[in-house]
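Read off the chains here:
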Amino acid sequence: MFDKILIANRGEIACRIIRSARAMGIRSVAVYSDADAGAFHVELADEAVHIGGPAPRESYLRADVIIKAALATGAQAIHPGYGFLSENPDFVEAVEAAGLVFIGPSASAIRAMGLKDAAKALMNDAGVPVVPGYHGANQDPEHLAGAADAIGYPVLIKAVAGGGGKGMRLVESPAQFLEALASAQSEAATAFGNDAVLVEKYILKPRHIEVQVFGDGHEAVHLFERDCSLQRRHQKVIEEAPAPGMTEEMRMAMGHAAVRAAKAIGYKGAGTVEFIVDGARGLRPDGFWFMEMNTRLQVEHPVTEAITGIDLVEWQLRVAAGEGLPCRQEELAITGHAFEARLYAEDVPAGFLPATGRLEHLRFSAAARNDSGVRKGDEISPWYDPMIAKVVTQGASRAIALKRLEAALAETEVAGSVTNLTFLGALTRHKGFRVGDVDTGLIARDLESLTHEHEPAAWELAAACAFAVDLPSINAALAGFCFGGPLWQEVALEGHEGLRITVTGPRQARVFVNAQELAVAATAEGLRVTGAPALVRGARLDAKVVLFGAVPRQFALIDPLARDAAEGIGADVVLAPMPGLVKAVFVSVGDEVLAGARLAVLEAMKMEHTLVAARAGRVAEVLSAEGAQVAAGAALVRLEEEP
Ligand code: MV4
């Protein structure tokens, strides 16, 4: 077994591999770019080597520098993770030429599966079902059009060197074929430097079901299937294992086909055989076809680990070190059900655009496995995949595992960057998904309802007001008391007018919102708010309030000082923008002041607010003094009227 390995990757997968290595007594070497100098995987590893600039081509794709780092640190093997160099056969050969072990398949196995046409031919010969179609060398457009006619529409044109939907065109009728072909060839040439295509029968209501395989170069086993149909633009969102609706007969047929595929190329290590399944008429043993084989450990491998109890990274290390397969097929079994939700820093309303930001707050659910490469305080880097974590839950049944996923997502707290957390929660509540009626078109069909942002309810606004004044910290019984009735103070949440709060006792308040008064009481676990379905967790973070839960919310606090100054209210008379304690008064009657001159300091909401002159002028009156408690709107300093 290895004494030390180098992980040629970053983020959650690097952390995950380091953990399994450590559990096996293997020391780990991390590599990092300039952008990852303070990253979690660097901290977790036993050693770390800087490999270059932030762009992947300057660091995580620099095979030579990575191999040098392995040699320099005495690592005996390199684990590539996924992405980056994980399926680069030249890297495999360079690693082996340097006398190191590549923890993964051989270069020849990767090459065999690298081009779709050759892969399909190989699978056909191995008796693996392949989608009816044409994947020959003749690329003449008329010949390809004739092949499409023979297959029968609708057909899919696919780039031979493509993957993940790139260079793919769905063609519904002969009239569209030539234009779609030209478009696919052009995209393929640009993206892959190879414009060769194949033509296939389009499988209606496709489901993406893949089988985890593991080989030792001679034998191979499968570790059952994963359903990855919940995708958006070929990006997986939630994966599960086993696949809903799978029959034992079909599972055996797919598992055997996957093992044949692996053995056909002498596969060594963890791999995934991807099938397209016809979901239109339920799952049938004659309704699945080989798509492609991914010659790496996949992002979604944790759901397989959850239902089999196997640590796939441990298997990778053991087999790479020369051991045979750790288990026979008959020793492997499914226990329960598992889900993985991919939590991303992405702006869903803006079209799922990648987001960045510093994670001011980050808390995962203790009831889930959370594979993450970031910590509270980390920046989401714009250089790499903006994944925050993979949230993995399992249970004795699909329904239990899904309820746990819904709960775990609702308990997950992220602030500092927008995320897809609300979208993930909406998916767990999707009627079709809840009963296992999934296909690759589900998200696209229901995107509007899945991403619709409802207006905040009254109880949400009330909770936000309470966090805005830091109600949980207000222990004074009389904080909101003043002669002549309750002291109502305005709470300026961007986009929401007329909100007012009055503190009625220690950690208690009433909020006026939407023409009604709601009671709020702060407890150690969260706020109890009239009308709220559960305790409300949240926080005030500088100039914003965040609410956590099934539908996370973020409210910007308007700085009353900026607003008043902007509205010119403070032109002659400087008012207290909120109730508080006058900490200092800097002027006296008769003083000449310039615009922006400091007049007084007010302590409110645990912060000090400096009140400044909105214009130059002479001080006519000083209406308060240091140590005075003032109400919102109290006049503090008056300037003489302008001449
Ligand atoms: C297909 C298919 C239906 N019929 N092939 C998409 C990328 C790669 N994983 C293979 N893909 C598909 N190949 C045939 N013959 C459906 C998919 C597919 C898909 C297609 C369109 C839009 C989204 C999709 C998501 C997953 C799979």
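Residues numbered from 1 in each chain as written. Predicted model: local features only at pLDDT ≥ 70, side-chain atom pairs only at ≥ 80, totals over all residues. Heavy atoms only, no water.

**A look at the pattern of salt bridges**
For step 1, the next point in the chain: The final tally for this structure, using the stated rule, is 50 salt bridges.
For step 2, the next point in the chain: Note that K236 is salt-bridged to E210, the shortest N-O span being 3.3 Å. Taken together, the residues span a long stretch of sequence, with K236 in strand β12 (residues 235-241) and E210 in strand β10 (residues 206-216) at a distance of 26 residues. Pair check on accessibility: K236 and E210 agree, each one buried. (Salt bridge = Lys/Arg side-chain N within 4 Å of Asp/Glu carboxyl O. Helix = DSSP H or I, 4+ residues; strand = E, 2+ residues; numbered from the N terminus. Buried < 20%, exposed > 50% of the residue type's maximum accessible area, 1.4 Å probe, protein only.)

**Re the site of the ligand**
For step 1, the next point in the chain: In the neighbourhood of the ligand, 17 residues make up the surrounding shell, with K158, E200, K201, I203 and E274 lying closest.
For step 2, the next point in the chain: Within the side chain of K158, a nitrogen or oxygen atom sits 3.0 Å from a nitrogen atom of the ligand.
For step 3, the next point in the chain: Between the ligand and K201, the relevant distance is 2.7 Å, taken from a nitrogen atom to a main-chain nitrogen or oxygen of the residue.
For step 4, the next point in the chain: In isolation the ligand has 530 Å² of accessible area, and contact with the protein removes 88% of it.
For step 5, the next point in the chain: Counting residues per element, the ones that place at least two in the shell around the ligand are β7 (155-159), β9 (197-201), β13 (268-278) and β14 (288-294).
For step 6, the next point in the chain: Across the shell around the ligand, the residue classes tally to eight nonpolar, four polar and five charged. (Near = heavy atom within 4 Å. Polar contact = N/O pair within 3.5 Å; in protein donor to acceptor, adjacent residues only side chain to side chain. Areas by Shrake-Rupley, 256 points an atom, 1.4 Å probe, with all protein chains shown as cover. Nonpolar A, V, L, I, M, F, W, Y, C, P; charged D, E, K, R; others polar.)

**A few points about the packing of aromatic side chains**
For step 1, the next point in the chain: Applying the stated rule across the entire model yields seven aromatic pairs.
For step 2, the next point in the chain: Both rings, one in F91 and one in F102, keep their centres 6.1 Å apart while their planes meet at 85°; by these two values the pair is edge-to-face. On the criterion of sequence distance, the pair formed by F91 in helix α4 (residues 89-97) and F102 in strand β5 (residues 101-102) is long-range, its members being 11 residues apart.
For step 3, the next point in the chain: Here F339 and F433 contribute two aromatic rings whose centre-to-centre distance is 5.7 Å and whose plane-to-plane angle is 75°, an arrangement assigned as edge-to-face. Placement of F339 in strand β15 (residues 337-344) and of F433 in helix α14 (residues 431-434) is noted, with a sequence separation of 94 residues between them.
For step 4, the next point in the chain: By relative accessible area, which is 1% here, F433 ends up buried.
For step 5, the next point in the chain: For the cation-ring pair, R500 lies above F512, with the distance from its terminal atom to the ring centre recorded as 4.8 Å. (Phe/Tyr/Trp six-rings, centres within 6.5 Å; stacked < 30°, edge-to-face > 60°. Lys NZ or Arg CZ within 6 Å of the ring centre and 35° of its normal.)

**Quick notes on the environment of A338**
For step 1, the next point in the chain: Mapped onto the elements of the fold, A338 is located in strand β15.
For step 2, the next point in the chain: With a relative accessible area of 0%, A338 lands in the buried category.
For step 3, the next point in the chain: As a C-alpha pair, A338 and S397 span 59 residues in sequence and 8.5 Å in three-dimensional space.
For step 4, the next point in the chain: When sequence neighbours within four positions are dropped, the list of residues in contact with A338 reads E239, E240, A241, V303, A306, I307, T393, Q394 and A401. (Contact = heavy atoms within 4.5 Å.)

**A look at the environment of V155**
For step 1, the next point in the chain: Summarising the element assignment, V155 is placed in strand β7.
For step 2, the next point in the chain: Residue classification places V155 among the buried residues on the basis of a relative accessible area of 0%.

**Considerations on the domain arrangement of the protein**
For step 1, the next point in the chain: By the assigned domains, the protein splits into domain 1 (4-103), domain 2 (132-201), domain 3 (214-451), domain 4 (458-556) and domain 5 (570-639).
For step 2, the next point in the chain: Its C-alpha centre places domain 1 at a distance of 37 Å from the equivalent point of domain 2. (Domains from an automatic or database assignment.)

**A closer look at the nonpolar core**
For step 1, the next point in the chain: Counting residues in each nonpolar core, the largest one holds 36 residues, and the members touching the most others are F2, I5, F214, L223, W315, L317 and L332.
For step 2, the next point in the chain: For this core, the elements supplying multiple residues, two or more each, are β1 (4-7), α1 (11-23), α2 (40-44), β11 (220-232) and α11 (312-320).
For step 3, the next point in the chain: Here this core spans two domains, since at least three of its residues come from each of domain 1 (4-103) and domain 3 (214-451).
For step 4, the next point in the chain: For L332, the contacting residues outside a window of four places in its chain are V221, H222, L223, F224, I310, W315 and C327. (Core = buried A, V, L, I, M, F, W, Y, C linked by side-chain atoms within 4.5 Å.)

**Quick word on the sheet that holds β9**
For step 1, the next point in the chain: If you trace the four strands from one edge of the open sheet to the other, you get β6-β9-β7-β8, paired in antiparallel fashion. Sheet topology places β6 (133-134) and β8 (168-171) at the edges, where each strand pairs with a single neighbour.
For step 2, the next point in the chain: Across four bridges, β7 lies against β8 in antiparallel orientation. Note that in β8 the partner of V155 across the bridge is V171.
For step 3, the next point in the chain: Relative to the sheet, helix α6 (residues 116-125) contacts β7 and β9, its axis offset from that of β9 by approximately 50°. (Pairing = 2+ DSSP bridges. Axes fitted to C-alpha atoms, helices over the stretch in contact; angles between N-to-C directions.)

**Observations concerning the side chain of R226**
For step 1, the next point in the chain: Mapped onto the elements of the fold, R226 is located in strand β11.
For step 2, the next point in the chain: Polar contacts involving the side chain of R226 include one to the side chain of Q212, which spans 2.7 Å.
For step 3, the next point in the chain: Residue contacts for R226: discarding those within four places in its chain leaves H208, I209, E210, Q212, E240, A241, T272, Q298, E300, H301, V303 and T304.

**Things to note about the packing of helix α7 (residues 141-151) against helix α8 (residues 174-192)**
For step 1, the next point in the chain: Interaxial distance between α7 and α8 falls to 10 Å at its minimum, and their mutual angle equals 125°. Classed by the angle they form, the pair α7 and α8 counts as oblique. As α7 packs across α8, the resulting crossing turns out to be right-handed. Residues P141, E142, L144, A145, A148 and D149 of α7 lie in contact with α8, whose contacting residues are P174, F177, L178, L181 and Q185.
For step 2, the next point in the chain: Its residues assigned to classes, the contact of α7 with α8 shows eight nonpolar, one polar and two charged. (Parallel < 35°, antiparallel > 145°, perpendicular 65-115°, else oblique. Left-handed = near helix turned anticlockwise from the far one by under 90°.)

**Re helix α17 (residues 458-468)**
For step 1, the next point in the chain: Most of α17 sits out of view: 10 of its 11 residues are buried.
For step 2, the next point in the chain: Restricting attention to buried positions, one finds in α17 the residues A458, E460, L461, A462, A463, A464, C465, A466, F467 and A468.
For step 3, the next point in the chain: Residue D470 follows α17 closely and has a positive phi angle near 55°.

**Points about the sheet that holds strand β32 (residues 544-547)**
For step 1, the next point in the chain: Pairing within the open sheet is antiparallel, and its three strands lie in the order β31-β32-β33. Two strands bound the open sheet, and with one partner strand each, they are β31 (538-541) and β33 (553-556). On average, each strand axis in the sheet is tilted by 15° relative to the strand beside it, whichever way the strands run.
For step 2, the next point in the chain: Bridge count for β32 against β33 is four bridges, and the pairing is antiparallel. Note on β33: the bridge partner recorded for V546 is Q554.

**Quick look at the pairing of strand β22 (residues 387-395)**
For step 1, the next point in the chain: Among the nine residues of β22, eight are classified as buried, and the element is accordingly described as predominantly covered.
For step 2, the next point in the chain: Where β15 lies against β22, eight bridges are found, and the strand directions are antiparallel. Across the sheet, residue F339 finds its bridge partner in β22, namely T393.
For step 3, the next point in the chain: Where strand β20 (residues 369-372) and β22 come together, four bridges link them in antiparallel fashion. Bridging from a neighbouring strand, D371 pairs with K390 of β22.

**Considering α11**
For step 1, the next point in the chain: In terms of residue burial, α11 counts as a mostly covered element, since seven of its nine residues are buried.
For step 2, the next point in the chain: N-capping of α11 is provided by D311, with a side-chain oxygen placed 2.9 Å from the backbone N of V313.
For step 3, the next point in the chain: Within two residues after α11, G322 carries a phi angle of roughly 115°, on the positive side.

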